[in-house]
Structures are given as C-alpha cells and as structure tokens.
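Fold and geometry: a report
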Amino acid sequence: MTRQGVAVLGSTGSIGTTALRVISRQRHRFRVAALTANSNAALLRQQETEFAPAYVGIVNSDEQRPGGWHSGAECLIEAATRDDADIVLNAIVGAAGLDATLAAVRAGKRVALANKETLVVAGALVERACREGGGEIVPVDSEHSAILQCIGTRPRSDVRRIILTASGGPFREWSEQRLADATVADALRHPTWTMGRKITIDSATLANKALEVIEAHFLFGLPYDRIEVVVHPQSIIHSFVEFVDGSVVAQMGLPNMELPVLYALTHPDRAPDDGVEPFDPVKASPMTFEPVGYARFPALRLGIDAGKRGGAAPAVYNAANEQAVALFLGGLIRFGDIPRAIASSLDKLGDMAGETREELLAADSCARRLVMELF
Ligand code: NAD
Ligand code: MG
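The text that follows walks through the structure, step by step, so that each part is easy to find. Everything numeric in this text was worked out from a predicted model, so none of it was measured. (Residues numbered from 1 in each chain as written. Chains lettered and ligands numbered in written order. Predicted model: local features only at pLDDT ≥ 70, side-chain atom pairs only at ≥ 80, totals over all residues. Heavy atoms only, no water.)

So, on to the sheet that holds strand β9 (residues 227–231). By way of backbone hydrogen bonds, the strands of a sheet pair with one another, either parallel or antiparallel. Taken together, four strands build an open sheet; the order of strands is β9-β8-β10-β11 and the sheet is mixed. Of all strands in the sheet, those bounded by a partner on one side alone are β9 and β11 (248–252). Across the sheet, the mean angle separating the axes of adjacent strands is 20° when strand polarity is ignored. By the bridge criterion, five bridges tie strand β8 (residues 159–166) to strand β10 (residues 237–243) in an arrangement that is antiparallel. Note on β10: the bridge partner recorded for Ile-162 is Val-241. Running over the sheet, helix α10 (residues 207–220) touches β8 and β9 and is turned about 150° from β8. (Pairing = 2+ DSSP bridges. Helix = DSSP H or I, 4+ residues; strand = E, 2+ residues; numbered from the N terminus. Axes fitted to C-alpha atoms, helices over the stretch in contact; angles between N-to-C directions. Contact = heavy atoms within 4.5 Å.)

Looking now at the site of ligand 1. Around ligand 1 lies a shell of 23 residues, among which Thr-12, Ser-14, Asn-38, Glu-117 and Gly-196 are the nearest. In this structure, an oxygen atom belonging to ligand 1 sits 3.4 Å away from a main-chain N or O atom of Ala-114. Protein coverage of the free-state accessible area of ligand 1, which is 830 Å², stands at 87%. Its residues placed into classes, the shell around ligand 1 shows twelve nonpolar, eight polar and three charged. Shared between two domains, the shell around ligand 1 holds at least three residues of each, these being domain 1 (4–139) and domain 2 (145–255 + 278–309). (Near = heavy atom within 4 Å. Polar contact = N/O pair within 3.5 Å; in protein donor to acceptor, adjacent residues only side chain to side chain. Areas by Shrake-Rupley, 256 points an atom, 1.4 Å probe, with all protein chains shown as cover. Nonpolar A, V, L, I, M, F, W, Y, C, P; charged D, E, K, R; others polar. Domains from an automatic or database assignment.)

Quick look at the pattern of salt bridges now. By the definition in use, this model includes 26 salt bridges. When the shortest N-O distance is used, the salt bridge between Lys-116 and Glu-212 registers 2.9 Å. Placement of Lys-116 in the loop between β6 (110–113) and α5 (117–133) and of Glu-212 in helix α10 is noted, with a sequence separation of 96 residues between them. Of the residues examined, Glu-212 reaches a relative accessible area of 1% and is grouped as buried. (Salt bridge = Lys/Arg side-chain N within 4 Å of Asp/Glu carboxyl O. Buried < 20%, exposed > 50% of the residue type's maximum accessible area, 1.4 Å probe, protein only.)

Along the chain, the position of His-232 falls in the loop between β9 and β10. Given the relative accessible area of 1%, His-232 is considered buried. At 2.9 Å, the side chain of His-232 and the backbone oxygen of Thr-288 are in polar contact.

Given below as structure tokens:
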C-alpha cells in the first residue's frame, strides 16, 4: 500500500499535535508531507526532526526561521496544494484558515477540516470550490464526525434531523448574573475537553455550538430547522441522527480528538488503532441530557440567526467573535461583552454583501474594527 501524504496546517496546536500523534501510530498508512505553524518555531523544529516533511512553513516568525523553511501566509497555500499531499489537515484556528481550505479543495484534495471557521465564513464558496476542483471536506469536529459516521451511506433524504450535543461548557450551571463577570481562568476550565484557548472560550459562550450548527448546515446540506442542539454534560455521545422512520442513531466515544482525526483521514474506511482507550459503557455512565440555555448564552442564538440570515452575516458573527475572544483573553473586556460585541456587529454589518471571497473578507475586517472601537 502506498502511504498517503498529509499536509498538517497548524501542526503546533491542540489538533495539530493530536494529529501527529495519530499519524505516528499509523506510519504504514500515512507520511507527513508538510507542516505549518503560526509562530512556535521550537515545537515546529522538533516536529520536523521527527516526521521529516519535504515542506515546512512558519507564517509569523522571521527571527528563528531555519534555512529551508518557508514563511508568510503564502506558505499555507503552498503546503495545501503540494503534489505530495493527498490529504490536507486544516487545524488552523480562525478565519485565517479559509484560503488554505479553498486552495486545497480547488486542487482536488481531501481536506480533513478542524478549522470550522472556514465553513462559517464562506460555506457556499467552499462548496463551489469542491465542485469545481474535485476536492472534498471531511469533518474533524467530533460532532460532525459523529454525524458522518451515523449517516453512513444513506442519502440525505433519509435524514429527518440531526441533534448536535454540547457539553454545556464550564458555565452550564452558572446564573446569568454570575456569568457576566466570569474570569478568563474560569472560562478556560473546560469540564470535558482539552483544546486550544479560542475554542475553549467559544465553548464557554456556546459560540462554538453556533459555529457547529452552521458547519453542519453546509456539510450535510440540511436547513437550519432540522439541526438541533442538546446539552450532554459527559460528552460521550458526540451527536445523533434521526432518520425519516424515527430511528435515532448516535455515535459514542470518550472525549478525545484522536478518533475523529483518524476517521477524517481514513473515511469511509476504518483503520485498526490500539492507541485509543477502550470504551467502557459502565465507566461512561450515567449519560444525561438537558435543554440548552439560550437565554444565558446569547452567542448561540445570535450565531444560528446569523447562519439563517446568510450573506456576510456568518462571517461578521465569526470575526466579531474572534476579535472579542482575543480581547477577553487579553483581560480587556468582560465575559458578558463577548455576545454584546457580536450583537452590535451583526446589527451594523449583518447586511453587508457576502457573495465573493473579497466581500466576505471585507465584512470580516469591518467587524474586527468595529469590535475594537466598541471598547
Ligand atoms: P490551537 O490554538 O491549539 O492551534 C492553532 C494552530 O493554528 C497552531 O498550530 C497555530 O500555529 C496555527 N495558527 C494560528 N493562527 C494562525 C494564522 N494566522 N495563520 C496560520 N496558522 C495559524 O487551536 P486548536 O484547539 O487546535 O483548534 C484548531 C481548529 O480546530 C479550530 O478551528 C478549532 O475550532 C477546531 N477544533 C478544535 C478542537 C480541539 O479539540 N482542540 C476540536 C474541534 C475543533
Ligand atoms: Mg465540536
């Protein structure tokens, strides 16, 4: 069997390092064709030594760039379109991952997509680029991986609705009052998942679940009224699919991204992997479910509404959220300011044009600027 080449974009992050762990157990199937990172040159150098990729790129660090490394945002496109890369694992955080996804699917690649912001900012453009270039998107996000696995080979017309599970985040049981002043440390204390800082804050505001609803809309071609969210604090059931006959299929596993990453690389096949801790239903018990607290977590409804509105609204939602999360992580705004910033941005900019990449990126920068001016 010839090994498939994988370009890992964002290799120094939480998903990137998870993916390299998976690949190191699957070296008979996969080799690393390219690695890129934003600025962590020390870790990138270690990864280069271990995986010997033909291409290494670092976007934002000139100081420590060893000879032979590529730099600047172009390196993401180069890595994503290399002939020796069959699969592009996009584990970049934020809208910064968009162009690499577009370039990869245009070049006919499989994109194992962790970078959900790609589909939120420009889902329709990505769909078109897939059709034109022959590429495909396979989700890494655990909920979407679950849905893909539940649907299997059934046509979309067999699906009545999908139900995304949400852990509820660290503030599931907090009152609205207490939430307004939650600290960065509180928000980074996720009950079930260990992830990068931005998505961890998104999980605390539930903006992450809104991004995932939009992601599901584009991945599975379902209207928003057939995508629901339920809180499942144990994060064992990664999502449900209800079929037209009323049967409900769920996918389960421990809250660990190794399996969804591996499945995105091998889909529709399955690869034996003994590195994942065996599932024990007794240990995973009990599994409970609760309605989602839309009133306490306004970012969720704002995001779903932005998805329904379409055009540039999802891009505005995403950019305002990215900017507000950066300010919150920097200690400059309060937790409750995040949804407030998103709401003002959508009020002012939600109707901007959003057909082309340029229009979407313009809406993205306007939203970031607006949020900076708000505080
Ligand atoms: P992270 O912050 O840990 O890692 C981000 C990676 O992207 C790093 O390698 C960084 O160098 C790179 N990067 C950051 N900004 C960049 C830029 N401007 N240009 C190029 N590269 C840049 O984030 P993460 O938690 O690994 O999340 C990555 C993506 O996967 C996000 O879209 C997130 O929503 C999604 N995701 C993550 C998890 C998880 O468990 N961590 C689960 C599901 C989905
Ligand atoms: Mg998820």
